[in-house]
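# Breakdown of the fold
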Amino acid sequence: ERNTKSFNFAAYHDLDTIYSFMDTLVASHSNLISKVKIGSTYENRPMYVLKFSTGGENKPAIWIDAGIHAREWVSHASAVWIADRIATDFKENRALARNVLSKMDIYLMIVANPDGYVFSHLTVRPFHRLWRKSRSVTSNPNCPGVDLNRNFDAEFSGPGASDDPCAEDYRGPSAHSEIEVTNIADFILSHGNFKSFMTLHAYSQLLMYPYGYTGSNAPDQPDLHDVATQANKALNSWHGTIYKVGSIFHTIEQASGASVDWAYQHGIKYCFAFELRDTGEYGFLLPADQIVSTARETWFALRYIMQYVSDH
Ligand SMILES: O=C(CO)C[C@@H](Cc1ccccc1)C(=O)O
Ligand SMILES: [Zn+2]
């Protein structure tokens, strides 16, 4: 279709449908959006980032990814809605366009773990709607897959990850052993001008910042806490959804090898991780009729953070 007006944002879609949505969005906003292939997955699927740019060379940039964990479907669905919202706000010359996009580029990765996402959509045996990890072969033939959010070179193999391939938080044999992780890390390092790194997960309703690997405060903890608190106010103002704010370690759990800690340790100050709806009533199986309201409230938190980053 010519544009995304007929796209059903209030439904979960498979990988092919998300990828064709991306192409439609790029085609109908070619002055702003381009699709960048940053590499391929273990099973040789392309990994795409949507680049939102008003031009210029290597402008300071903001990274947002979703779906590093396959089963967290509301994160991919929210990223789809957010991609369309950025395009619409720009087209209608709203604040975001004039402020953020005049000074910065936005890179949005809707599906950070394509192989896992496809596997979680299988409707025949061995269907695995609750699959979390990648789909790479491990040392245990019965237990494929690495937790990509434990494979980054940030206190890799420290407490908060497992060396058991059958564990949900299996970190992999070595830091950046997973091609999906090297694709993301290499892209960010070669770009070299990211000011913010944000990652969408589900569920628990949390807005978090580094560190995950330790309970010690990050050097920028006061700033990060303030920004997260204000962003949370923006989020809450739409549908009254209550999030908790804090460091990953103190809010959800100790986690080593996480993307957010890696980005922060590589000089990106404004690093945040979102745990979207809900708090356990439906969990990973959040009904599709909550996608749009989840995406909208998340958008207002992200927009606040992007505005803040572009002003500081
Ligand atoms: O997937 C999770 C369920 O969404 C929780 C996340 C919590 C987390 C998020 C960001 C960085 C480190 C840990 C995880 O274990 O990686
Ligand atoms: Zn997750």
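Time to look at the confidence of the model for the protein chain. Model confidence for the protein chain is summarised by a mean pLDDT of 97, while 100% of its residues fall at 70 or above. For the protein chain, helix α3 (residues 95-98) is the element with the lowest average pLDDT, namely 80, and strand β5 (residues 194-202) is the one with the highest, namely 99.

Let's shift gears to the packing of aromatic side chains. The tally for this structure, following the rule as stated, stands at 20 aromatic pairs. An angle of 75° between the planes, with centres 4.9 Å apart, marks the rings of Y203 and F284 as edge-to-face. Of this pair, Y203 sits in the loop between β5 and β6 (206-209) while F284 sits in the loop between β8 (270-276) and α10 (291-311); the two residues are 81 residues apart in sequence, bridging distant segments of the chain. Relative to Y264, the ring of Y211 has its centre 5.5 Å away and its plane inclined at 80°; by these criteria the two rings are edge-to-face. Residue Y211 is found in the loop between β6 and α7 (221-239), and its partner Y264 is found in helix α9 (residues 259-265); the two are separated by 53 residues along the sequence. For Y211, a relative accessible area of 10% gives the class buried. Residue classification places Y264 among the buried positions, given a relative accessible area of 8%. Following the ring pairs from residue to residue traces out a cluster consisting of W63, Y107, F187, F194 and F197. Sitting over the face of the ring of F119, R135 holds its NZ or CZ atom 3.5 Å from the ring centroid.

What follows concerns the coordination of the zinc ion (ligand 2). Around the zinc ion (ligand 2), the protein contributes the donor atoms H69 (ND1), E72 (OE), E72 (OE) and H201 (ND1), which lie 2.1 to 2.3 Å from the metal centre. Between consecutive donors of the zinc ion (ligand 2), the numbers of intervening residues give the motif H-x2-E-x128-H. One end of the pair, H69, is in the loop between β3 (61-66) and α2 (73-91); the other, H201, is in strand β5, and 132 residues separate them in sequence. Here H69 and H201 have matching classes, each one buried.

Where α2 meets α10, the axes come as close as 9 Å, and the angle between the chain directions of the two elements is 60°. The orientation of α2 relative to α10 falls into the category oblique. Between α2 and α10 the crossing geometry is right-handed. Of the residues in α10, those touching α2 at V74, A77, S78, W81, I82, R85, I86 and D89 are I291, V292, T294, A295, R296, T298, W299, F300 and L302. Classifying every residue of the contact of α2 with α10 gives 11 nonpolar, three polar and three charged.

Overall, the coordinates contain 14 salt bridges when judged by the stated rule. Ionic pairing is found between R71 and E168, a salt bridge with its closest N-O pair at 3.1 Å. Taken together, the residues R71 in the loop between β3 and α2 and E168 in the loop between α5 (114-120) and α6 (179-191) connect sequence positions 97 residues apart. You can call R71 buried: its relative accessible area is 11%. Close ionic contact of E92 with R94 constitutes a salt bridge, the shortest N to O distance being 2.8 Å. Among the residues examined, R94 registers a relative accessible area of 41% and is labelled partly exposed.

Parameters and conventions
- Residues numbered from 1 in each chain as written.
- Chains lettered and ligands numbered in written order.
- Predicted model: local features only at pLDDT ≥ 70, side-chain atom pairs only at ≥ 80, totals over all residues.
- Heavy atoms only, no water.
- pLDDT = per-residue confidence, 0-100.
- Helix = DSSP H or I, 4+ residues; strand = E, 2+ residues; numbered from the N terminus.
- Phe/Tyr/Trp six-rings, centres within 6.5 Å; stacked < 30°, edge-to-face > 60°.
- Buried < 20%, exposed > 50% of the residue type's maximum accessible area, 1.4 Å probe, protein only.
- Lys NZ or Arg CZ within 6 Å of the ring centre and 35° of its normal.
- Donors = N, O, S within 2.8 Å, 3.2 Å for Na, K, Ca; no water.
- Axes fitted to C-alpha atoms, helices over the stretch in contact; angles between N-to-C directions.
- Parallel < 35°, antiparallel > 145°, perpendicular 65-115°, else oblique.
- Left-handed = near helix turned anticlockwise from the far one by under 90°.
- Contact = heavy atoms within 4.5 Å.
- Nonpolar A, V, L, I, M, F, W, Y, C, P; charged D, E, K, R; others polar.
- Salt bridge = Lys/Arg side-chain N within 4 Å of Asp/Glu carboxyl O.

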